[in-house]
Amino acid sequence: LLLPSSSSSNTGAHITIAFVSELSSSLARAHEEAVSTDKTTDANSLASRVRKFASSFAYNLAPVSVSNGDVKVRHTTLLWEAFVHDATRKLGSNLSSSPQSMHGRSSTAYLAALAAEGGLPTLRKVLDASLPRLLDLLSKHDDSSSADDEKMAAAIRGIAAFMSSCYVALKMWERDNRGVQVHPHPLSKYISQILQKIAAALKGMRGKGNDGPLTLAAAGAFESALTAADLSGLEEGDMNVIEELLDLMTAVVLEKVDDAASRDDDTLRKWKKSCARALGAAIATGLHKSEDLPNSGERLESLAQSLLPKVLAGSVCSSKPHLERYDWMVLAGACANGSPNVSEQIVTSLLSSTIDDLRKKVDVRECSPKFQSFSLMALAYLVRCGGPNVGKVFHSLSSPATTPLDVINELCVPLDQDSLQDGSISDPPKQVTRQLPVGMSHLQLPDSLAKDEEMKNATIQRAYSVMPYLIEAYVCPSSTSSCDNLVAFVDQILPPLSEIDEVQLYVAFPLLAAVLNGQNDVWKVVSSATGERLQSMTTYLAQFTMSEDHDSFSRSAAASCLFAILIHGGEGGDSGGENIKNLLDIVVSPAVTESVACLQQTFDGASGVTTASDHACTANVEAALNFMALLGSAAACRGGRCSQTADEIASCLVQVACNGSSSAFAFKSPGNEAQQHPILDPASLAFVLPAAAFGSMLSVKNGGPFWRQRIIHKTLPILMKTLQEQATSRSPPALGSLAVVAHMLCSVSQTHLGESKIRQMIPTLIAGLVYFSKNLDVIAQDDKGTKGLDVLSVILAALTKILRISPEDVTKFVGVIIPSLLLLSTCNASKRYTPNQLIALLCLEIVTTHPNARNAVLREKDQVTAALSVIVDHPSKIIRQAVVHVRNVWFTL
């Protein structure tokens, strides 16, 4: 309305100076009122909107050229002068009188926003009206013993705010004017005095930080001065001040603190963080200025170059886990505020230190499972907190500098075995060759095999201890540039695997999974050759995932890689989903057939079958069905012609879970006695496995919006038919169909299932809840009851959802639900039952809010509160807290 965007309109032509002056006063009053009433910092709050409007208004009125004689331009300039002058005149007095008051803080925020986004003329006008007032205020209290520290701290924070506004305004100017810099710098006539005031505030606080707000404000202002001001033209005395302050803060940050009590000193922590941020700004500014102004700022560049090695040396030193690493904060600040050159120096140094850590000789017999590389920990911290330049530099490094691939190769180098020789002459190094058709380990003597196995385990143990920190660097968006190298690294490892090969895959698979499944566009930028390589790996990744010879971590990572490749197969040349079909035929079908046959032998009581082999057979069946579900999920997410494959897999799993047989495989039906008490029958528990695999299919978050609806449409009739057949039985619900019901209710929306179908499922869910609550002691105390507890978890999760989204459907069951939940909530079982107990307590709390069962809830009140009072002294703290909370809720009914 005030500033028409039409090119034919004259900006401010219909506005008078009196109106603009009144508008300026009104905005200032409205802002102060908003600040005093609205305590939030939301960007959409009234105070934020007022500041935004005032800045935009000043920016559009700001004069382009003072010498322009155009009458219209002159009128706009007068409007700008009236708007900005009125604000600075009325609010500036608050800065010099009471910057710590509500009026002062509101005025500082309003003027700082005006300076930041009101244009370059507005910036100079506000700085000239505000900074002298604050500096004069500090000068009056320099030598006063009765100085108000809160007032001085507010003044220094105000100066820091205006310097930050200057930084923002100049960045906007450079952006809008193709990088042209402003000269002279708006802070050039104030920076010397500002540095003197900061030094005076920190005088006598060497390393103590005991005056809290004042020292914190001074440290923050020093950071703003290093970042926002042009320091290249400072006099020798001002540079001496900067050097003294940097020395003081360096001593604070690099001080070794071993006293655990320091953790509780919040003021000291804030003081050290402020110093760390200031040092980071000094390094970033010093090294950045040396790029832009090669003939100026040599002193600052020298200070930064001498400071950086000290911080890097301290960052790789060990420390206690609970202590904050302020030296890492320095490096993160330098990377976040500096140019890519700064990040490159820091990242290269930390990678070199990581290589040195990994090359230290370690006795494999004494290799600690907690091997620590603090340089790699520091690098992971920088990836999280150091801005985007860290990830970009990390993944763009190339020889002869240390590269990420060098770290991977070093992690895979076998640990030194010299210590195992007890001083004897070591064997000549073995050359790994690919010329033989079998792995080299098959040709070694038992003693040599044992040593290699020990070496492999120790190397993997060391790699796993540092992998979480290395993975941090491969989750960032810049990791796409390392995808080709990782794929080539994995592709060159061919079966049969030696011990060294296994180590390499154990290291590479988690990193590759992080890249392929990260929040980035790796599948859009990956080369065609890399896409073909990934597609060629699918069979091998499937076999690796299904193999029992590898640990669960590496198998999980391989499965994650495989899933990512399969759902993006169309971008790598597998548009028809042939890889999924081939894996079903080549890998899954034989594995399922063999593992199910082995399991049936255990159920039939075949001779020679031990308890250990029983568990192994169950684990093999579970792994095979989970892998089948993974292929089904990938096919469903792919859609198109792959949807039919997903339908077949889902239908197969539901048929076996509900009926015990399908066209692919079948389970042995439990006998009549087993049906009366299925939780103790291994054959009945086996039906939970395909149901759990089907549930894992439904819980996948990838793919489009309709694949889950399609699968439900295909499988729901199978389940409904089974439930109708079981409705007349007096036996407990079959575990397979019960688990399918629970998984569907948990993972599928109410819209997809339909209200009528949900009502038909609820009786089975409640019957399962009652059965498990009555037999909980058997399940919780039995070491083999893991599958039973898993089913109970899904039942409780489904009940929680039903109580939330459709409580009216369980109104008639409330009288049964509450006693069952009470039994589940008051059981003193092992720690592995704790999650189920917490969910049961949550359900007890939700029941109290049921809109249509008030009378039923009140009838159970005395029984519930009495039972909960018994377990108030539960050994688990989290259970005690939950019990007290739920009991209080029931007491207030």
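What counts, and at which threshold
- Residues numbered from 1 in each chain as written.
- Predicted model: local features only at pLDDT ≥ 70, side-chain atom pairs only at ≥ 80, totals over all residues.
- Heavy atoms only, no water.
- Helix = DSSP H or I, 4+ residues; strand = E, 2+ residues; numbered from the N terminus.
- Buried < 20%, exposed > 50% of the residue type's maximum accessible area, 1.4 Å probe, protein only.
- Contact = heavy atoms within 4.5 Å.
- Areas by Shrake-Rupley, 256 points an atom, 1.4 Å probe, with all protein chains shown as cover.
- Salt bridge = Lys/Arg side-chain N within 4 Å of Asp/Glu carboxyl O.
- Phe/Tyr/Trp six-rings, centres within 6.5 Å; stacked < 30°, edge-to-face > 60°.
- Polar contact = N/O pair within 3.5 Å; in protein donor to acceptor, adjacent residues only side chain to side chain.
- Axes fitted to C-alpha atoms, helices over the stretch in contact; angles between N-to-C directions.
- Parallel < 35°, antiparallel > 145°, perpendicular 65-115°, else oblique.
- Left-handed = near helix turned anticlockwise from the far one by under 90°.
- Nonpolar A, V, L, I, M, F, W, Y, C, P; charged D, E, K, R; others polar.
- Expected span 1.5 Å × (residues − 1).
- pLDDT = per-residue confidence, 0-100.

A short note on the overall build of the protein chain
Reasoning step 1: Each helix and strand in the protein chain was counted, giving 40 helices and 0 strands.
Reasoning step 2: The buried share among the 893 residues of the protein chain stands at 51%.
Reasoning step 3: The long-range share in the protein chain, meaning contacts at least 24 apart out of those at least 6 apart in sequence, stands at 76%.
Reasoning step 4: Surface accessibility of the protein chain: about 40800 Å² in total, with carbon and sulfur atoms responsible for 52%.

A word on unusual backbone geometry
Reasoning step 1: At the junction of H183 and P184, the peptide bond is cis and its omega measures out at 0° in the coordinates.
Reasoning step 2: One can find P184 in the loop between α6 (149-176) and α7 (191-202).
Reasoning step 3: Cis peptide bonds are those with omega within 30 degrees of zero, and the linkage from S399 to P400 qualifies with 10°.
Reasoning step 4: Inspection of the secondary structure assignment puts P400 in the loop between α15 (388-396) and α16 (404-412).

Re the pattern of salt bridges
Reasoning step 1: All told, the structure shown has 23 salt bridges when counted by the stated rule.
Reasoning step 2: E236 serves as the salt-bridge partner of R299, at 2.7 Å between the closest nitrogen and oxygen. Note that R299 is positioned in helix α11 (residues 298-315) and E236 in helix α9 (residues 236-253), a separation of 63 residues in sequence.
Reasoning step 3: Taking the relative accessible area as the measure of exposure, E236 reaches 52% and is therefore exposed.
Reasoning step 4: Residue K273 pairs with E324 through a salt bridge whose shortest N-O separation is 3.5 Å. One end of the pair, K273, is in helix α10 (residues 266-292); the other, E324, is in the loop between α11 and α12 (326-337), with 51 residues separating them in the sequence.
Reasoning step 5: E324 sits in the partly exposed class, given a relative accessible area of 31%.
Reasoning step 6: A cluster of three or more residues bridged by salt bridges with shared partners is formed by D86, R89 and K90.

Structural notes on the packing of aromatic side chains
Reasoning step 1: Inspection of the entire model under this criterion finds 12 aromatic pairs.
Reasoning step 2: Taken together, a centroid distance of 6.4 Å and an interplanar angle of 15° make the contact between Y464 and Y506 stacked. Residue Y464 is found in helix α17 (residues 446-475), and its partner Y506 is found in helix α19 (residues 499-516); the two are separated by 42 residues along the sequence.
Reasoning step 3: Residue classification places Y506 among the buried residues on the basis of a relative accessible area of 4%.
Reasoning step 4: Between Y506 and F544, the aromatic rings sit 6.3 Å apart at their centres with planes inclined by 85°, giving edge-to-face as the arrangement. Of this pair, Y506 sits in helix α19 while F544 sits in helix α22 (residues 538-546), and the two are 38 residues apart along the sequence.
Reasoning step 5: Pairwise contacts between aromatic rings join Y464, Y506, F509, Y540, F544 and F553 into one cluster.

Notes on the side chain of S633
Reasoning step 1: Locating S633 in the fold gives a position in helix α25 (residues 611-638).
Reasoning step 2: Once you skip the residues sitting within four places of it in the chain, S633 turns out to touch F563, S696, M697 and V700.

Topic: the side chain of D327
Reasoning step 1: Checked against the element boundaries, D327 lands in helix α12.
Reasoning step 2: On the basis of relative accessible area, D327 is assigned to the buried category, the value being 5%.
Reasoning step 3: A distance of 2.9 Å separates polar atoms of two side chains, one belonging to D327 and the other to R325.
Reasoning step 4: Other than its neighbours up to four places away in sequence, D327 contacts V253, L254, V311, G314 and S315.

Structural notes on the environment of L566
Reasoning step 1: Here L566 is to be found in helix α23 (residues 552-567).
Reasoning step 2: For L566, a relative accessible area of 1% gives the class buried.
Reasoning step 3: As a C-alpha pair, L566 and L631 span 65 residues in sequence and 8.1 Å in three-dimensional space.
Reasoning step 4: Non-local contacts of L566, meaning those with residues more than four positions away in its chain, are made with T538, N579, I580, L583, L631, A634 and R638.

Observations concerning the environment of P186
Reasoning step 1: When you line up the elements, P186 lands in the loop between α6 and α7.
Reasoning step 2: Distance from P186 to D128, taken between C-alpha atoms, is 9.0 Å for residues 58 residues apart in sequence.
Reasoning step 3: With residues up to four places along the chain from it excluded, the contact list for P186 reads L123, R124, L127, C166 and L170.

Some thoughts on the packing of helix α1 (residues 17-37) against helix α4 (residues 102-117)
Reasoning step 1: Where α1 meets α4, the axes come as close as 10 Å, and the angle between the chain directions of the two elements is 120°. As far as their axial angle goes, α4 and α1 are oblique. Crossing of α1 over α4 shows right-handed handedness. Two secondary-structure elements touch here, α1 through S24, L27, A28, H31, E32, V35 and S36 and α4 through M102, H103, S106, A109 and Y110.
Reasoning step 2: For the contact of α1 with α4, a count of residues per class yields 6 nonpolar, 5 polar and 1 charged.

Comments concerning helix α35 (residues 786-805)
One turn of an α-helix holds 3.6 residues; hence residues three or four places apart share an orientation.
Reasoning step 1: A rise of 1.5 Å per residue sets the reference length of α35, with its 20 residues, at 28 Å; its end C-alpha atoms lie 29 Å apart and thus fit the reference within 8%.
Reasoning step 2: Turning to α35, its buried residues number three or more, namely G788, L789, V791, L792, V794, I795, L796, A798, L799, T800, I802 and L803.

Examining the packing of helix α5 (residues 120-140) against α6
Reasoning step 1: The interhelical angle for the contact between α5 and α6, taken along N-to-C directions, is 160°, at an axis separation of 10 Å. With respect to α6, the element α5 is oriented roughly antiparallel. The chirality of how α5 crosses α6 is left-handed. Facing L120, L123, V126, L127, S130, L131, L134, L135, L137 and L138 of α5, the residues of α6 in contact are K151, M152, A155, I156, G158, I159, F162, S165, C166, A169, L170 and W173.

Considering the environment of V180
Reasoning step 1: As for its position among the elements, V180 is in the loop between α6 and α7.
Reasoning step 2: Separated by 10 residues in sequence, V180 and L170 have C-alpha atoms that sit 9.7 Å apart.
Reasoning step 3: Filtering out sequence-adjacent residues up to four positions away, V180 remains in contact with W173 and E174.

Topic: the confidence of the model for the protein chain
Reasoning step 1: When the pLDDT values of the protein chain are averaged, the result is 84; 85% of them are 70 or greater.
Reasoning step 2: Contacts of residues 290-296 to residues separated by more than four positions or lying in other chains number 7 contacts, the stretch itself having pLDDT below 50.
Reasoning step 3: Note that residues 418-443 has pLDDT below 50 and, in this model, 27 contacts with residues that lie over four places away or in other chains.

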